[in-house]
Amino acid sequence: MTLQWYFARRFVMSFLSMLGIFAGLIWMTDTVESLRSLSSDDFGLQEAAALALLQLPATIYEVIPLIMVLATITLFLKMARTSELIVTRAAGRSAIRSLIAPVIVAGLIGGIGISVLNPIVAATSRIAEETRDEVRGRATSVLALSSEGLWLRQAAPEGQIVIHAAGASLGGTILYDVTFLRFDASALPIERVAASRAELVPGAWDLTGVKVWDLTGRLNPEAGARTTAWMQVPSDLTLDQIRDSFGDPSAIPIWELPAFIDQLEAAGFAALSHRVWLHTELASPVFLVAMVLIGAAFTMRHTRFGRTGLMVLFAVLLGFSMYFLKSFAQVLGEAGKIPVLAAAWFPPLAGVFLSLALLLHQEDG
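The structure reproduced in this document is the subject of the present report. (Residues numbered from 1 in each chain as written. Predicted model: local features only at pLDDT ≥ 70, side-chain atom pairs only at ≥ 80, totals over all residues. Heavy atoms only, no water.)

With respect to the packing of aromatic side chains
Heads up, the condition is: Stacked, tilted and edge-to-face are the three classes assigned to paired rings of Phe, Tyr and Trp, where Trp is represented by its six-membered ring and a pair needs centres within 6.5 Å; plane angles under 30 degrees give stacked, over 60 edge-to-face, the rest tilted. Categorising residues by exposure relies on relative accessible area from a 1.4 Å probe, with only protein chains included: less than 20% of the type maximum marks a residue as buried, more than 50% marks it as exposed, and the intermediate range marks it as partly exposed. Helix numbers and strand numbers start at the N terminus; a helix is a DSSP run of H or I with at least 4 residues, a strand a run of E with at least 2.
Considering all chains together, one arrives at four aromatic pairs under this definition. Considering the side-chain rings of Tyr6 and Phe7, the 6.3 Å spacing of their centres and the 70 degrees angle between planes classify their relative orientation as edge-to-face. Its relative accessible area of 25% is what places Tyr6 among the partly exposed residues. Of the residues examined, Phe7 reaches a relative accessible area of 0% and is grouped as buried. Taking 6.0 Å as the distance between ring centres and 70 degrees as the angle between the ring planes, the aromatic pair formed by Phe180 and Trp205 counts as edge-to-face. Of this pair, Phe180 sits in strand S3 (residues 174-183) while Trp205 sits in strand S5 (residues 204-214), placing them 25 residues apart in sequence.

Dropping the structure here:
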């Protein structure tokens, strides 16, 4: 146990060092980028640094697998140079047993990430988006599902309302350049409402910059069109249902996702992308374990064997390949091309088994 605690402590220190380096670089880069893209009289260095700090958790959350593989490489290269790995093997400890502590730490980091960091990322991303919109002077579209924009439907007393928008906020509660087409029970259009902005409030849409056309019994609806600064359109839609159509699953804390998915499917909405995201997040501890094993498979060797730089390069390339495979499988899963469980769990499990095969080959020749 003493040796395992030693490995765990060394791995945690290596991970925290890499995390600090990446956090500092990302924060400085985002600060400069914010100054460049959002420069104004009311937006200076202090505001840019604060905005970059809000964006930092989301960026760090994405690059944790890379940090993990680099931390593993750093740890075992140091231990190889000091001959600690040789001493460990001489004491009867195999490479697999020496990896127990780092693997457990990686799994715990992954668990902390999805239970603590994930909700933080969801909250800070929304705040950062609101800050950017405020600096620009108006909220802008940050998401579009297709070249035609976003589509949504809702029930109406006389039939249905089809909603089209050019874009939406990250949470999906504010639409921009919106058109509401009201249909009667016979599926004939009876009214068209265009607005520059629509915000979902309990029980209704708040519309601003509105123009209304009556499509019943008029040869020229434009002649009878009217404009108004504000109006409300009743709605039975909820925030959770709206997010399914054009919201980013990462904007929803993982603790709320299971109930959210059930509500969407019960309401008749597709929740495939949210389900894939949920399982991908749940599989992230296993993916981090795979990153540790990949880094160890190429660096748990003595430096006298040479080709250390080449082994490090192989480890980094394989880590990037696994990350690409994970992203590719997620895209296929969201498109419905492969099952959800396969999209989320196959890449991390493939990384674990591949790296274990390499480690066992080194142990047994």
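Let us keep going from here.
A closer look at unusual backbone geometry
In the Ramachandran plot, Asp177 falls in the positive-phi region, its phi being about 50 degrees despite a non-glycine side chain. Counting through the fold element by element, Asp177 comes out in strand S3. Located in the positive-phi region is Ala187, a residue other than glycine, with phi close to 65 degrees. You can see Ala187 is positioned in the loop between S3 and strand S4 (189-201).

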